[in-house]
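Take a look at the letters that make up each chain.
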Amino acid sequence: DDIVNASEAGSDIAVSGSVTGEFSENDIVTFTVDGTAYSATVDASNNWSVNVDGAKLAAQTEFTVTATGTDVAGNAINATAISTHTVDTTAPGVRLSYVDTGSSDSDTITNDNTVTVHDLEAGSTFEYSLDNGNSWTPGTIDLSLNDQLFELANNTSYAAGVVQVRTTDAAGNVSTPVSLGAITTDNIGEGTVSVNAITADDIVNASEAGSDIAVSG
């Protein structure tokens with residue numbers, strides 16, 4: 001993609017190309033990146049390749065490549081080309097939110113399991129973890145939405161930091177995970193009701209049948 005990402009900047013990157021015309025096998029290609037000289041030999045298919053320190057390519061985004069050789073008549077051949085690329089070593093962070101539906105808007109209790117991922121960069125993807133980053137689930141990208149969504153489990157309490165999101169941008173950079181505060185999903189209203197005995201002995205007699213009887217529980 002002609003973009004050096006964070007991972008690539010920390011490793012060697014193959015810089016390659018080809019020659020045409022009267023260049024031939026064993027001709028030489030040279031260039032300098034961030035003060036370091038590199039050279040490669042043209043192969044039988046007129047291709048060349050050399051590994052370059054990714055940190056050097058991150059430091060210098062344009063350099064000149066020179067190919068030198070000799071044709072069959074003994075004439076010197078020199079050709080140059082300019083290589084350019086870009087550097088993107090940071091995946092932008094995101095912000096997480098949810099709707100607190102509890103008795104107060106700050107009790108971290110909700111019956112709405114949806115978590116919203118804000119500020120996801122165009123072309124990026126996201127993953128979420130519900131177990132403190134031990135496992136990750138790919139998030140679904142809905143291009144019709146400005147923000148993206150994922151769901152928590154029903155009736156579950158999550159400590160602060162357990163719910164996490166990380167992103168991968170178009171250049172392949174992976175962000176530092178962003179975590180959600182403590183949250184509890186409560187999706188079922190629970191309770192019981194009881195009925196006391198109808199009269200002291202649970203038997204309606206003639207006298208009681210002729211009057212009001214308190215039904216209680």
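Everything here concerns the structure above.
Residues numbered from 1 in each chain as written. Predicted model: local features only at pLDDT ≥ 70, side-chain atom pairs only at ≥ 80, totals over all residues. Heavy atoms only, no water.

Peer 1: Let's hear about the overall build of the protein chain: which residues, and what values?
Peer 2: For the protein chain, the helix and strand inventory stands at three helices and 18 strands. Relative to its length of 217 residues, the protein chain is extended, with a C-alpha radius of gyration of 34 Å against a globular reference of 17 Å. Taken along its principal axes, the extent of the C-alpha atoms in the protein chain is 130 × 30 × 30 Å. By residue count, 29% of the 217 residues in the protein chain fall in the buried class. Once local pairs closer than 6 in sequence are excluded, the contacts in the protein chain between residues at least 24 apart make up 55%. With the model as given, the accessible surface of the protein chain reaches about 12700 Å², and the carbon-plus-sulfur share is 47%. (Helix = DSSP H or I, 4+ residues; strand = E, 2+ residues; numbered from the N terminus. Rg over C-alpha atoms; globule rule 2.2 N^0.38 Å. Buried < 20%, exposed > 50% of the residue type's maximum accessible area, 1.4 Å probe, protein only. Contact = heavy atoms within 4.5 Å. Areas by Shrake-Rupley, 256 points an atom, 1.4 Å probe, with all protein chains shown as cover.)

Peer 1: Could you give an account of unusual backbone geometry, naming the residues involved and the relevant values?
Peer 2: Excluding glycine, residues mostly carry a negative phi; peptide bonds, for their part, are mostly trans. Of note, Asn 26 is a non-glycine position whose phi angle comes to about 80°, a positive value. Along the chain, the position of Asn 26 falls in the loop between strand E2 (12-18) and strand E3 (28-33). Judged by its relative accessible area of 53%, Asn 26 falls in the exposed class.

Peer 1: Mind laying out the nonpolar core, listing which residues take part and the relevant values?
Peer 2: Ranked by internal contacts, the top residues of the largest apolar core, which has 20 residues, are Phe 31, Trp 48 and Leu 57. When near neighbours in sequence (up to four residues on either side) are disregarded, Trp 48 contacts Val 15, Ser 16, Gly 17, Ser 18, Val 19, Val 29, Phe 31, Ala 40, Thr 41, Val 42 and Val 65. Ranked by size, the runner-up nonpolar core spans 15 residues in total, among them Leu 96, Phe 150, Leu 152 and Ile 183. (Core = buried A, V, L, I, M, F, W, Y, C linked by side-chain atoms within 4.5 Å.)

Peer 1: Go over the sheet that holds strand E17 (residues 178-179) with me, naming the residues and quoting the values.
Peer 2: A sheet is described by the order of its strands in space; here four strands give the open sequence E13-E12-E16-E17, paired in antiparallel fashion. If you trace the sheet from one side to the other, it starts and ends with strand E13 (137-138) and E17, each paired once. With two bridges joining them, strand E12 (residues 125-129) and E13 adopt antiparallel strand pairing. Counted as the bridge partner of Glu 127 is Pro 138 from E13. (Pairing = 2+ DSSP bridges.)

Peer 1: Account for the environment of Ala 81, naming residues and giving values.
Peer 2: In this structure, Ala 81 sits in strand E7 (residues 76-84). Overall, the relative accessible area of 42% leaves Ala 81 in the partly exposed class. Residues within four places of Ala 81 in sequence aside, it is in contact with Phe 63, Thr 64 and Val 65.

Peer 1: Just give me the short version of the pairing of strand E4 (residues 36-41), but keep the residues and values in it.
Peer 2: Where E3 lies against E4, six bridges are found, and the strand directions are antiparallel. Within the sheet, the bridge partner assigned to Val 29 lies in E4 and is Ala 40.

Peer 1: Outline the sheet that holds strand E6 (residues 62-70), supporting the account with residue identities and numerical values.
Peer 2: If you trace the four strands from one edge of the open sheet to the other, you get E4-E3-E6-E7, paired in antiparallel fashion. What marks the edges here is a single partner per strand, and that holds for E4 and E7. Here the average twist between neighbouring strands, direction ignored, is 20°. Bridging between E6 and E7 involves nine bridges; their strand directions are antiparallel. Counterpart to Gly 69 in the pairing with E7 is Ile 77. (Axes fitted to C-alpha atoms, helices over the stretch in contact; angles between N-to-C directions.)

Peer 1: Go over the packing of aromatic side chains, please, and point to the residues and values.
Peer 2: Scanning the entire structure with this criterion turns up five aromatic pairs. Here the aromatic rings of Phe 126 and Phe 150 are separated by 6.4 Å at their centres, their planes lie at 45°, and the arrangement is tilted. A residue pair is termed long-range when its members are at least 10 positions apart, and Phe 126 in strand E12 and Phe 150 in strand E14 (residues 148-151) qualify at 24 residues. Summarising the burial analysis for this pair, Phe 126 and Phe 150 share the class buried. With 4.4 Å between their ring centres and 15° between their planes, Tyr 128 and Phe 150 make a pair best called stacked. In this pair, Tyr 128 is assigned in strand E12 and Phe 150 in strand E14, connecting sequence segments 22 residues apart. Taken as a pair, Tyr 128 and Phe 150 share a single burial class, namely buried. An aromatic cluster of three or more residues is present, and its members are Phe 31, Tyr 38, Trp 48 and Phe 63. (Phe/Tyr/Trp six-rings, centres within 6.5 Å; stacked < 30°, edge-to-face > 60°.)

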